[in-house]
Amino acid sequence: MCNNIIFYHSSPKGLDAPGHLVNWDKWLPIVMKQVRYTNPEAKIYLVSNDDTTFPGVEHIHTENLCHDRLSQFRDNYVHMSTNPIGHERPAIERWLCVSEMLHRLGNQPCIFLEVDVLVYEDVTEWFKITSDYDMTYTLGHSGNCTIINNPNKLHELASYIENVYIHRDRTFTSMKSIFDKMQANNNLGGICDMTYLKSFANRDDVNVLEHLEKHKLNGKVFDDHIRIVNDWSTKEFTLRMDLKGYEPQVEMGFKHKDIKFRDGKPYCYNHDCKREYQFRLVHFVGHSKLSIDKYITYEETV
């Protein structure tokens, strides 16, 4: 069974991007150490637009991977979101990079993870428990944990996304209409990669397991977002952060899932199911990344 793991990271160079991405050098090494620790036999790849490397992780520069494809996409890209282009465009074009990585790996199944996800077990089982599906999404249409069992469908997704901008067909017109209506109603957001993931999953020839976090496969959970608490036990975090435009440090309070560790594995109690569940991974979105070091299970010497 293949156990290829792909991460994609775009450093905010010259593009406006959310402030919590600026300190990526503090949390990205933690993510790489954790996945290497829990998956010593896996082939781990980091696709990124800088030259940062990590032990046991093969680094591949985006420009070396798919320069021509990305250039064509960027030439045709139309930004349709109130979010910064440095946030939305890399999130969309990462699917082109994943497609190119799959070609490079001989179209073997792989797992694509966002770079703010901590993994707590060997991922080999993930392919087995989702083998009936082409791929998986979390949070409905989010790619924080995409288990790709059928690489051909991922290639179709990538082609679908880039063709929207290249050919400017009915899908492009529909996307632009959605964004124009949002603008007219003073709504934030717009067209993002999740828009395309949702649209693609609606096709009759695609079999996607959506809301992976709701399917407690083999009694374990794929976390959607540590700050989406719903029926989970919670606890409060107060973080002191350096934020642009404020005094050196600002206190901000957050409510997280109350994750407790036992034998190196994370657990949390679910009040609806009236039981505790082990988590396969935990996803640290936004400023929750600032607490990520509290959730490692590797020794600091790793």
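Residues numbered from 1 in each chain as written. Predicted model: local features only at pLDDT ≥ 70, side-chain atom pairs only at ≥ 80, totals over all residues. Heavy atoms only, no water.

1. Some details on the state of the cysteines
A covalent bond bridging the sulfur atoms of two cysteines is what the word disulfide describes.
In step 1: Throughout the structure, instances matching the rule amount to zero disulfides.
In step 2: The thiol of Cys-192 is unpaired, and the distance to the nearest cysteine sulfur, on Cys-97, comes to 17 Å. (Disulfide = S-S within 2.5 Å.)

2. Digging into the nonpolar core
In step 1: Phe-7, Leu-113, Trp-126 and Phe-222 are the most contacted members of the largest nonpolar core, which has 46 residues in total.
In step 2: Other than its neighbours up to four places away in sequence, Trp-126 contacts Ile-111, Leu-113, Val-119, Glu-121, Cys-145, Ile-147, Phe-222, Arg-280 and Leu-281. (Core = buried A, V, L, I, M, F, W, Y, C linked by side-chain atoms within 4.5 Å. Buried < 20%, exposed > 50% of the residue type's maximum accessible area, 1.4 Å probe, protein only. Contact = heavy atoms within 4.5 Å.)

3. Observations regarding the packing of aromatic side chains
In step 1: By the definition in use, this model includes 14 aromatic pairs.
In step 2: With a centroid separation of 5.7 Å and 40° between ring planes, the pair formed by Phe-73 and Tyr-77 is classed as tilted. As far as burial versus exposure is concerned, Phe-73 and Tyr-77 are alike and both buried.
In step 3: Aromatic side chains Trp-232 and Phe-279 sit 5.1 Å apart centroid to centroid with 65° between the ring planes, which places their arrangement in the edge-to-face category. Of this pair, Trp-232 sits in the loop between strand E9 (220-222) and strand E10 (234-241) while Phe-279 sits in strand E14 (residues 275-283); the two residues are 47 residues apart in sequence, bridging distant segments of the chain. (Phe/Tyr/Trp six-rings, centres within 6.5 Å; stacked < 30°, edge-to-face > 60°. Helix = DSSP H or I, 4+ residues; strand = E, 2+ residues; numbered from the N terminus.)

4. As for the environment of Ser-288
In step 1: Secondary-structure assignment places Ser-288 in the segment after E14.
In step 2: Each C-alpha atom of the pair Ser-288 and His-225 lies 9.3 Å from the other, and the pair is 63 residues apart in sequence.
In step 3: Here Ser-288 is in contact with His-225, Ile-226, Arg-227 and His-256, once residues within four sequence places are set aside.
In step 4: In terms of polar contacts, Ser-288 uses its side chain to reach the backbone carbonyl oxygen of Val-285, at 2.5 Å. (Polar contact = N/O pair within 3.5 Å; in protein donor to acceptor, adjacent residues only side chain to side chain.)

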